[in-house]
Amino acid sequence: MVALGLALVLAACGSPPPESDGDVRTGTVSQGLTAVKVPQAVAAGAYHSLFLKKDGSVWAWGQNVAGQLGTGSTSSTPQPQPSQVGGLPAIKAVAAGVAHSLALDVDGNVWAWGQNASGQMGTGTAGGTVLVPTKVAALSSIQAIAANGSFSLALGVDGRLWAWGQNSSGQVGTGGTSASVATPGVVQGLPPVRAVAAGVNHALALTRDGRVWGWGMNTSGQAGTGATSTAVLTPVQVAGLPIAKAVAAGAGHSLIVDEQFGNVWAWGQNTFGQVGTGSTSTTPVVTPRPVDGIFAVTVLVAGHNSSMAIIGNGLAVAWGHNVSGQLGNGGTVNSASPVGVTGLTNATALAAGAQHALALRPGCPVWAWGNNSQGQLGTGTTSTAPVTSPGSALISNTFYFDGDMDGFGDEYIFEQSCEPSAGFVEDLDCDDYTPTTHPGAAEVCNGLDDNCDGVVDEGPSTGGETCETGLQGVCAAGVMACTPDGVVCQPRTTASAEQCDNLDNDCDGQVDEGNPGGLQACATGQLGVCGEGVTYCANGAIACVPTQGASSEVCDGKDNDCDGQVDEGLLQTWYRDQDADSYGLSSQSVQACARPTGYVANAGDCDDANPAANPGAPEVLDGQDNDCDGQVDEGLAVQTLQKLAGGHNNFSVFLKSDGTVWTAGINLMGELGDGTTTDRRIPAQVQGLTGVVAITAGGHHVLALKQDGTVWAWGYNAWGQIGDGTGGPGKNRLTPVQLTSLTGVTAISAGDNHTLALKQDGTVWAWGNNSYGQVGDGTKTLRYSPVRVPGLTGVTAIVAGGYYSLAMKQDGTVWAWGHNANGQLGDGTTTERLGPVRVPGLANVAALTTGYLHTYALKQDGTVWAWGSNQLGQLGDGTQTTRLSPVQVPGLTNVVSVGGGYSHSTALKSDGTVWAWGGNTSGQLGVGGTSTTKLLTPAQVPGLTGVTAFASGWHHVLALKQDGTLWSWGENGYGGLADGTVTDRYTPVQALSF
């Protein structure tokens, strides 16, 4: 059932013949004819047969239930009489599957007809039948085809292998299995291929280096993996084989012919002896082994359960299954060793189907034997009795009458027979009335196509010798050529327009006359105006001469003296001045004789968008270099930063050593305390506020604690979080107001929308949003003014989370209340608490801090303990598991400060390094990148050392270094990083000085 693609010679006159591959006889056909001459071939399906004639026509016979004979219809009645398959161009190879047929035309296109239940037609759809030959549109430039079972293969001239059809065992090589693959696809993973074979459900490929690859069904080891398995889905190289030159595949076995000796090697199913081991076995042969008794094999094919080969010059042998006499040895007994096919000593080609076989031989071309129940032997009849030896099919050869006795015949006078009658020959002539005209004849100068190649009077016998014409110039040299007047001397070069090449191109006896190629603009290669030139033909070459010489320099934008400089000695430098402060940018200058508009003579401006910044401006205390001397606020008293606070929603608060408060970032609710709602990228002082010793920032509100123990607040106040007795819509405070009801305060802490204060007497006071009991007074009542948290005395530290609160007593115990859905209270539950409850298991705590829904305790030994929400790893314990009780953050020691944001955490070590973990949606971890970087354990913030303090907002971080510089990173959409921009920063950047 395997058909090999073979070379052919195109016979149509007017096209040159293609090169032969060295293995196929070649010939030509008559001028003006459309016939071709190709090697004969046979192919066997399960119950039908195909024959390819020398003229490129295809003939078919046998079963036709699926339209595999290409007659245009289906029939349950066998067709034992061969008939030509219509609708095909000239074909050079054929192949057959169980119930479908393939043909490869001389142009490299593939045609298919028959069963299409598995998409084996390659038309893009699966199902039904294709009753007439149909071109496989997806393929071109194909050199060979193969088919078996219900799938098809095509080998491209580029060595790529295409496959389509049934893929239930992976035989199409897609890397998986499926009921059908209806469009051809390239089998991946193969080196360039030179030959292919299709088994019933597996395939073999022979690559150009002589290696063999297998894939598909492997229940008998036929794919060559060295073991059995259900299927091999991608090609694997078969081990243990010599370099091969041919491959063949049956239903469950595989064969190759080695390159060196022509020996056959086989493996796979051996139930009927088809592997040729000398005995049958139900155990598959999984390792390739040589078939004894045969060598010098030139042709190898496989039936479903049998094997056949041609030895030497035509001796046919077979082995394996023989129930229908398909071995052709005169009997029906299976043979595990090769036996001779009766009478076949001059075979030239073989094909094997399910239980029948075909052979080509001289004379009557097609011989057949085996099962004939469907008329597949082509004898004109059907029979259920085995045909055990070869018999001639009803196929004859075509011979042409040779009237001029030159060995080539007239295409219109022919006979069909096994052997030619007297006067008849095999090859076609283009003129059967002239014995000197035929393919291969010598071409002479006579106006005729002597060699039938479609070209008249070509070749050395019709001219080509050098001669002299007697003309002038380039027309003098000639060549002998065939013309209607005979062989004459014609000029090699005809007269043409004169060129600048020191030749007489127009054959008038003059060289380069008329300055050819001259008077064209060109570049001389000199400087300035001397570089402009015009072409001139001199001594056979084009030269470029200047159109003007050097002169004194004038201010005209040209290099008049040709020294490479324009207007030198006459130019002045002018600088672009965009802010009209009489100073321009040194980097934006022009040279001109007169001042261009928008330019000035003074350079050195450091901010050409700000007229208040230039070398002549006075320096003011604003964190900017006003006088462009490279120094900021030089000569002015600058107070150092002392404390930081990160507002939850992208704003920042700074406390200087002089007790003043500065703010930057979002100002939607008056968070900046400057009396406006305008966002600010550059920090500015909160006016009217001095003597401050502590600051805290909440969701959108800020508090400041003065040295005298009074508390001042500003910002968002919808929940009464300012604490001045007011609250609700429109009650925001755009400038600081004093909380007159609070005195003697030592510490303050702002939550998202509530606030805590610690008095000197160790009592805790709270106000603002109380939706979750975060005020701690045993209720959920909104509080516009501070109320005491009952039951808490001896408190030394307080901290407010998103919607919850914590306090640490003098005895080191920690107490918590408010929202607890994520275990942030640390009491081992998720129960909301309206009043303080003790956090069990904590001792020797030095400091407390919170994020949005997670909490930290810094112990006196420098270790950190955490609990609460852990969705993005903000607890730093290597997991994303919420913790209802404190767990130690592993690998984190010598910590002096810890802080939390919305879903991230930060810690400062005693060595001045900063460590971060958790979510990174805005780059708040400072390690580079954004949300794709999520750290479940602490990692050091790179490039940041010498840090003495830091503060965290929901999505940004501020850090103060020992040298007094401020660094920031994370979200910056409103300028909260104080770097003068609104650009998010994924690693620390130095903020502005102020």
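Residues numbered from 1 in each chain as written. Predicted model: local features only at pLDDT ≥ 70, side-chain atom pairs only at ≥ 80, totals over all residues. Heavy atoms only, no water.

**Student:** Hey, could you run me through the overall build of the protein in this one?
**Tutor:** Of regular secondary structure, the protein possesses zero helices and 68 strands. Taking 2.2 N^0.38 as the reference for a compact globule, 994 residues should give roughly 30 Å; the C-alpha atoms of the protein span a radius of gyration of 49 Å, well beyond that estimate. Along the first, second and third principal axes, the C-alpha atoms of the protein reach 135 × 95 × 50 Å. Here the protein, with 994 residues, has 52% of them falling under the buried criterion. In the protein, the share of contacts with a sequence separation of at least 24, taken over all contacts with a separation of at least 6, comes to 46%. Of the accessible surface of the protein, which amounts to about 38,800 Å², a share of 51% is contributed by carbon and sulfur atoms. For the protein, the centre of its 37 positive side-chain charges and the centre of its 79 negative side-chain charges are spaced 25 Å apart. (Helix = DSSP H or I, 4+ residues; strand = E, 2+ residues; numbered from the N terminus. Rg over C-alpha atoms; globule rule 2.2 N^0.38 Å. Buried < 20%, exposed > 50% of the residue type's maximum accessible area, 1.4 Å probe, protein only. Contact = heavy atoms within 4.5 Å. Areas by Shrake-Rupley, 256 points an atom, 1.4 Å probe, with all protein chains shown as cover. Lys, Arg positive; Asp, Glu negative; His and termini not counted. Charge placed at Lys NZ, Arg CZ, Asp CG, Glu CD.)

**Student:** Help me understand the sheet that holds strand β36 (residues 532–538), please; the structure alone is not making it clear to me.
**Tutor:** Backbone-to-backbone hydrogen bonds pair the strands of a sheet. The strands run either parallel or antiparallel. Taken in spatial order, the three strands of this open sheet run β35-β36-β37, and their pairing is antiparallel. Pairing within the sheet leaves two strands with one partner each, and these edge strands are β35 (521–523) and β37 (541–546). On average, adjacent strands in this sheet sit at an angle of 55 degrees to one another, irrespective of strand direction. Pairing of β35 with β36 involves three bridges; the strand directions are antiparallel. From the neighbouring strand, C522 faces β36, where its bridge partner is G533. (Pairing = 2+ DSSP bridges. Axes fitted to C-alpha atoms, helices over the stretch in contact; angles between N-to-C directions.)

**Student:** Is there a simple way to explain the pairing of β37 in this structure?
**Tutor:** The side chains of a regular strand alternate, first on one face of the sheet and then on the other. The pairing of β36 with β37 spans six bridges and is classified as antiparallel. Residue pairing in the sheet places V534 in a bridge with V545 of β37. Taken together, β36 and the strand that follows it, β37, pair antiparallel across an intervening segment of two residues, in which N539 is found at a positive phi of about 55 degrees.

**Student:** Which parts of the structure should I look at to understand the confidence of the model for the protein?
**Tutor:** Residues shown with low pLDDT carry predicted positions that ought not to be read at fine detail. The share of residues in the protein with pLDDT of 70 or more is 95%, and the mean pLDDT across the chain is 90. Below a pLDDT of 50 lies the segment residues 1–34, which in the model reaches 83 contacts outside its immediate sequence neighbourhood of four places, other chains included. (pLDDT = per-residue confidence, 0-100.)

**Student:** Help me understand the environment of V236, please; the structure alone is not making it clear to me.
**Tutor:** Locating V236 in the fold gives a position in strand β16 (residues 229–237). V236 gets classed as partly exposed once you look at its relative accessible area, which sits at 26%. With near-sequence residues (within four places) excluded, V236 lies in contact with V212, W213, G214, A223 and T225.

**Student:** Just checking my understanding: could you explain the pattern of salt bridges for this structure?
**Tutor:** Charged atoms that come close allow side chains of opposite charge to pair. Counted under the stated rule, the structure contains 13 salt bridges. A salt bridge links D158 to R160; the nearest nitrogen and oxygen atoms lie 2.9 Å apart. Look at D158 and you get partly exposed, because its relative accessible area is 41%. Take R160: its relative accessible area is 41%, and that puts it in the partly exposed class. The salt bridge involving D724 is made with R733; its shortest N-O contact spans 2.7 Å. On the basis of relative accessible area, D724 is assigned to the partly exposed category, the value being 23%. R733 sits in the partly exposed class, given a relative accessible area of 27%. Overlapping salt bridges, with partners in common, bring together K37, K54, E426 and D427 in one network. (Salt bridge = Lys/Arg side-chain N within 4 Å of Asp/Glu carboxyl O.)

**Student:** Even after reading the chapter, I still don't get the nonpolar core, so can you show me in this structure?
**Tutor:** Note that soluble globular proteins tend to have their nonpolar side chains buried in a common cluster. With 25 residues, the main nonpolar core has Y856, V864, L892, V914, L944 and W969 as its most contacted residues. Taken together, the elements giving at least two residues each to this core come down to β58 (854–859), β59 (864–868), β61 (895–900), β62 (904–909), β63 (914–918), β65 (947–952), β66 (956–961) and β67 (966–970). What V864 contacts, discounting residues up to four positions off in sequence, is Y856, A857, L858, V887, Q888, V889, L892, V895 and V898. Of all hydrophobic cores here, the second largest spans 20 residues; its members include V187, V193, V196 and A205. (Core = buried A, V, L, I, M, F, W, Y, C linked by side-chain atoms within 4.5 Å.)

**Student:** Sorry if this is basic, but what is going on with the UniProt feature "domain: RCC1-like" (unreviewed entry) in the protein here?
**Tutor:** As recorded in UniProt, the feature "domain: RCC1-like" (unreviewed entry) lies at residues 93–385 and 640–846. Secondary structure within residues 93–385 divides into 0% helix and 52% strand; the distance between the first and last C-alpha atoms comes to 31 Å. Structurally, residues 640–846 comprises 0% helix and 45% strand, and the distance from its first C-alpha atom to its last is 27 Å. (UniProt positions renumbered as here; feature names shortened; annotations may be inferred.)

**Student:** Explain a nonpolar patch on the surface here, please?
**Tutor:** Side chains of F401, Y412 and I413 sit close together on the surface and give an oily, nonpolar patch of about 330 Å² of accessible area. Tracing the backbone through its elements, the reader meets I413 in strand β30 (residues 410–417). A relative accessible area of 39% means that I413 is categorised as partly exposed. (Patch = residues over 30% accessible without salt bridge, like charges linked within 9 Å, V, L, I, M, F, W, Y side chains within 5 Å.)

**Student:** Teacher, can you tell me more about the side chain of N972 here?
**Tutor:** With respect to the element layout, N972 can be found in the loop between β67 and β68 (985–990). Given the relative accessible area of 0%, N972 is considered buried. Here G976 takes part through its backbone nitrogen, which lies 3.1 Å from a polar atom of the side chain of N972. When near neighbours in sequence (up to four residues on either side) are disregarded, N972 contacts N650, L977, D979, T981, V982, T983 and D984. (Polar contact = N/O pair within 3.5 Å; in protein donor to acceptor, adjacent residues only side chain to side chain.)

**Student:** Sorry, what's going on with the sheet that holds strand β54 (residues 804–809) here?
**Tutor:** Spatially, β53-β54-β55-β56 is the arrangement adopted by the four strands of the open sheet, whose pairing is antiparallel. Each end of this open sheet is capped by a strand with a single partner; those strands are β53 (795–800) and β56 (833–838). Averaged over neighbouring strand pairs, the angle between their axes works out to 15 degrees when direction is ignored. Taken together, the three bridges between strand β55 (residues 814–818) and β56 define a ladder with antiparallel strand orientation. The partner of A816 across the bridge, within β56, is V837.

**Student:** I would appreciate a short explanation of the side chain of N753 in the present structure.
**Tutor:** Within the fold, N753 resides in the loop between β49 (745–750) and β50 (754–759). Discounting residues that sit within four places of it in the chain, N753 has contacts with H701, Y716, W719, Q721, G768, N769 and G802.

**Student:** In this structure, what is going on with the packing of aromatic side chains? I would like to understand it.
**Tutor:** Each aromatic ring pair is specified by the distance between its two centres and by the angle formed by the two planes. Counted by the stated rule, this structure contains ten aromatic pairs. Both rings, one in Y852 and one in Y902, keep their centres 4.6 Å apart while their planes meet at 20 degrees; by these two values the pair is stacked. Here Y852, found in the loop between β57 (845–850) and β58, pairs with Y902, found in the loop between β61 and β62; they are 50 residues apart in sequence, far enough to count as distant. According to the relative accessible area criterion, Y902 is partly exposed, its value standing at 36%. Relative to W954, the ring of Y852 has its centre 5.3 Å away and its plane inclined at 75 degrees; by these criteria the two rings are edge-to-face. Here W954 lies in the loop between β65 and β66 and Y852 lies in the loop between β57 and β58, a separation of 102 residues in the sequence. By relative accessible area, which is 14% here, Y852 ends up buried. Grouping aromatic residues by their ring pairs yields a cluster made of Y772, Y803, Y852, Y902 and W954. Above the face of the W765 ring, K759 is positioned so that its terminal group lies 4.3 Å from the ring centre. K859 extends its terminal NZ or CZ atom over the ring of W865, reaching a point 4.1 Å from the ring centre. (Phe/Tyr/Trp six-rings, centres within 6.5 Å; stacked < 30°, edge-to-face > 60°. Lys NZ or Arg CZ within 6 Å of the ring centre and 35° of its normal.)

**Student:** What am I meant to see in unusual backbone geometry here?
**Tutor:** The phi angle of most residues is negative, glycine excepted, and most peptide bonds adopt the trans form. Phi is positive for S141, which is not a glycine, with a value near 55 degrees. You can see S141 is positioned in the loop between β8 (129–135) and β9 (142–148). Take S141: its relative accessible area is 41%, and that puts it in the partly exposed class. Although it is not a glycine, A580 adopts a positive phi angle of roughly 55 degrees. With respect to the helices and strands, A580 occurs in the loop between β38 (572–576) and β39 (589–592).

**Student:** Sorry, what's going on with the environment of W767 here?
**Tutor:** Counting through the fold element by element, W767 comes out in strand β51 (residues 764–768). Residue class for W767 comes out buried when judged on its relative accessible area of 0%. Note: C-alpha distance between W767 and D724 (43 residues apart in sequence) is 9.7 Å. In this structure the side chain of W767 is engaged in a polar contact, spanning 2.9 Å, whose partner is the backbone oxygen of Q721.

**Student:** Whenever I open this one, the environment of E498 confuses me. Can you help?
**Tutor:** As for its position among the elements, E498 is in the loop between β34 (486–491) and β35. Judged by its relative accessible area of 15%, E498 falls in the buried class. Discounting chain neighbours no more than four positions away, the residues touching E498 are L503, D504, N505, D506, Q510, V511, D512, E513 and P516. At a separation of 3.2 Å, a polar atom in the side chain of E498 contacts the main-chain amide nitrogen of N505. From its side chain, E498 meets the backbone nitrogen of D506 in a polar contact 3.0 Å long.

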